[in-house]
Amino acid sequence: MTEDRQDILQELETSDYKYGFVSDIDTETIGRGLSEDVVRLISEKKGEPEWMLERRLKAYRHWLTLPHPEWAHLDIPPIDFQDVIYYAAPKPKKKLGSMDEVDPELKRTFDKLGIPLEEQMALAGVAVDAVLDSVSVKTTFRETLAEKGIIFCSISEAIKEYPELIKKYLGSVVPYTDNFYAALNAAVFSDGSFCYIPKGVRCPMELSTYFRINAEGTGQFERTLIVADEGSYVSYLEGCTAPQRDENQLHAAVVEIVVERDADVKYSTVQNWYPGDKQGRGGIYNFVTKRGLCREGAHLSWTQVETGSAITWKYPSCVLLGDNSSGEFYSVAMTNNFQQADTGTKMIHIGRNTRSRIVSKGISAGRSQNAYRGLVRVAKGADNARNYSQCDSLLIGDKCGAHTFPVVECHNPSAVLEHEATTSKISEDQLFYCNQRGLTTEDAVGLIVNGYARDVLSKLPMEFAVEAQKLLSLSLEGSVG
Amino acid sequence: MLKVENLHASVGDKEILKGINLTVKAGEVHAIMGPNGSGKSTLASVLAGNEKFTVTEGKVEFLGENILDMPIEERSRKGLFLGFQYPVEIPGVTMANFMKLAVNEHRKARGEEPLTAAEYLRLMREKSAIVELDAKLTSRAVNEGFSGGEKKKNEIFQMAMLDPKLAILDETDSGLDIDALRIVATGVTRLHTENNATVVITHYQRLLDYIVPDYVHVLYNGRIIYTGDKTLALKLEAEGYDWLINNHQER
């Protein structure tokens, strides 16, 4: 880790958004705007069965009835949903048999992102379902996983090949009626990942998906479904970077996780969508619905590092339905310049002896606004529920804002709920101390921030922890004078 | 090594240093004493470059270069070390990591390659022995939960790691029990060579039993009002500052 630290701090010297390139790939898009015809077209392009189209249309019709959500502590410019392109896919160049057949330009994009698609991945123990724009291009190690009966593929493929699983689980945790963006996603989702871990199977490798917006002006509507059957275990990583551009891009993903009896799921995210420039122009609008359902004795852990996007609206949640189930949420949300984030979690205690733990670390710099929004709800029958929440804010400079909206709804007197919150600033004394030891102020801030976020970063799988540390430092560039 | 001429510095509208003159040569140990509020810590801070204070007049030359416009970190890399009276906590950042970054920044400034992990660990082991610093402390967060004694030992450990040309130790002896004082003071003495210099700011003679100064300066109301040899510290311990201050005011 100490070796990496050095690299991290050296990278601070490079300035602009690292992944700000647009790769020149032959992209097939459909026109701007949304209508029933567009929904039909998406479904048709993906060769979906009729029942899937019906689901999409139902969601679309419901979406039309919903007002745009305005309750978050966000200043969201009006979004013209008729000005968004709802589908873009790299043009298929017939069926690919090997890596050599992949579009060289596409391969270069992956290389720039450092996505290891090749054989060395086996050594790294990571299987990647790489999503470029909307269509999954290549899935690796499916055979290795298949031996254990694990299914890891694109959601489009799953719809065709595992319709029974999809019918049973898709929309079971986040129904299309859930909220405005969940409805939109259910209508127009282009692709995403599906993962099924059979009973009693411990997934032998970290599963990761890299999402990347590529076609200019294309909204990204990812749909992820993870089903961990009884007694199984999986650690799933999701990371994303997007190329720099001026116009705002809409991103509305849905992630659903079903954690069956005694299963254990760890879901980690590093989110680094383009945050807009220093004046607040451009950047991704990121409206995400993530939720997991825990059956008896199940455990779900969310870890997220959010550094990107102009607007973040995201509340990975746990529904603790089964007795003795538990949920965790570890989050670092960093905003700089004109970024806005409203993020947090919901822990819904329904079963008896359910436990949840929330550790949220907000970091605001520049003129950004950073809000933690959390709900801990203990239902009537949730005897002996326990929650511990820790919610810290760190301010850098005096033009940013940190806000916390913790809500507790307790309907059972046996619950034990704890909440701790702190707000701090990086002190002049800390900076002077670091400077006096020979560190520049920028290095010092990177160090202090990574130290502050350590409790959360330590929950990430190793390779992600390193990337996350780099991101935190990189995202803070220019935040101190 | 260090040449301070007519140094004036203020915080806000309040002038704290009112014309300091001080020359420190390689191989020397200077002690700065004086009553509370006389400007001792301010002098240390200003020399290190703390931006809380504004230098309004005067000159500070360090190794032949005027450093008043030099950023704090460059002064450090040039070989100026400040031992803090109140070492600062940095939660979540291990001492080992912090020092590795610092050591390598210093090496980079000298055009040297960064240390490998093994070299660094060896250096850390060697230097922590000088102040009998518990090896476990280096894997804990910087100064977090350190006792008063541990914090001060940790300052001298950092000094040993960075091997400065000039070390300014601001009340490194305050809050130490007798054993810790001996360890810290012995450590400082062991680090002293012909080629470096030490300025210790202290209230007490007992530190100077270990670190024998070549000069003892008395700072009062922003000025050095008297300079003597090591016997001055003994006299001050016995008689206090009043006789000096009265003399000074009569003049």
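A quick note: this is a predicted structure, and the numbers were derived from the prediction, not measured.

Focus: the sheet that holds strand 9 (residues 166-170) of chain B
All names here are of chain B.
- Pairing within the open sheet is mixed, and its 6 strands lie in the order 6-9-10-3-11-12. The strands lining the two open edges of the sheet, one partner per strand, are strand 6 (80-83) and strand 12 (223-228). Recorded for the sheet is a direction-independent mean angle of 20° between the axes of neighbouring strands.
- Bridge count for strand 3 (residues 29-33) against strand 11 (residues 215-220) is 4 bridges, and the pairing is parallel. Bridge assignment links Met-33 to a residue of strand 11, and that residue is Val-218.

Some remarks on the pairing of strand 19 (residues 355-364) of chain A
All names here are of chain A.
- A large share of strand 19 lies buried, amounting to 7 of its 10 residues.
- Sheet topology places strand 17 (residues 326-335) next to strand 19; 10 bridges connect them, and they run parallel. By the bridge assignment for strand 19, Ser-326 is matched with Arg-355.
- Direction of pairing for strand 19 relative to strand 21 (residues 386-395): parallel, over a ladder of 10 bridges. When the sheet's bridge partners are listed, Arg-357 is paired in strand 21 with Tyr-388.

What to know about the interface of chain B and chain A
- Taken together, the contact between chain B and chain A spans 26 residues of the former and 22 residues of the latter.
- Put simply, the parts of the chain that give the side of chain B that touches chain A at least two residues each are helix 2 (72-78), strand 7 (90-94) and helix 3 (95-109) of chain B.
- For the side of chain B that touches chain A, the element with the most residues is helix 3 of chain B, which contributes 8 residues.
- Here the residues of the side of chain B that touches chain A sort into 14 nonpolar, 7 polar and 5 charged.

Overview of the environment of B:Gly34
Residues and elements named next belong to chain B.
- As for its position among the elements, Gly-34 is in the loop between strand 3 and helix 1 (40-48).
- Residues Gly-34 and Ala-109, 75 residues apart in the sequence, show an inter-C-alpha distance of 36 Å.
- Ignoring any residue separated from it by four or fewer positions in sequence, one finds Gly-34 in contact with Lys-40, Val-218, Leu-219 and Tyr-220.

A short note on the packing of helix 2 (residues 36-45) of chain A against helix 3 (residues 50-64) of chain A
Residues and elements named next belong to chain A.
- Two elements in contact, helix 2 and helix 3, have axes separated by 10 Å at closest approach and are oriented at 150°. Between helix 2 and helix 3, the crossing angle belongs to the class labelled roughly antiparallel. Handedness of the helix 2/helix 3 crossing: right-handed. Two secondary-structure elements touch here, helix 2 through Glu-36, Val-39, Arg-40 and Ser-43 and helix 3 through Met-52, Leu-53, Arg-56, Leu-57 and Tyr-60.
- Here the residues of the contact of helix 2 with helix 3 are counted per class, giving 5 nonpolar, 1 polar and 3 charged.

Criteria and cut-off values
Residues numbered from 1 in each chain as written. Chains lettered and ligands numbered in written order. Predicted model: local features only at pLDDT ≥ 70, side-chain atom pairs only at ≥ 80, totals over all residues. Pairing = 2+ DSSP bridges. Helix = DSSP H or I, 4+ residues; strand = E, 2+ residues; numbered from the N terminus. Axes fitted to C-alpha atoms, helices over the stretch in contact; angles between N-to-C directions. Buried ≥ 20, exposed ≤ 12 C-beta atoms within 10 Å, placed from the backbone. Contact = placed C-beta atoms within 7 Å. Nonpolar A, V, L, I, M, F, W, Y, C, P; charged D, E, K, R; others polar. Parallel < 35°, antiparallel > 145°, perpendicular 65-115°, else oblique. Left-handed = near helix turned anticlockwise from the far one by under 90°.

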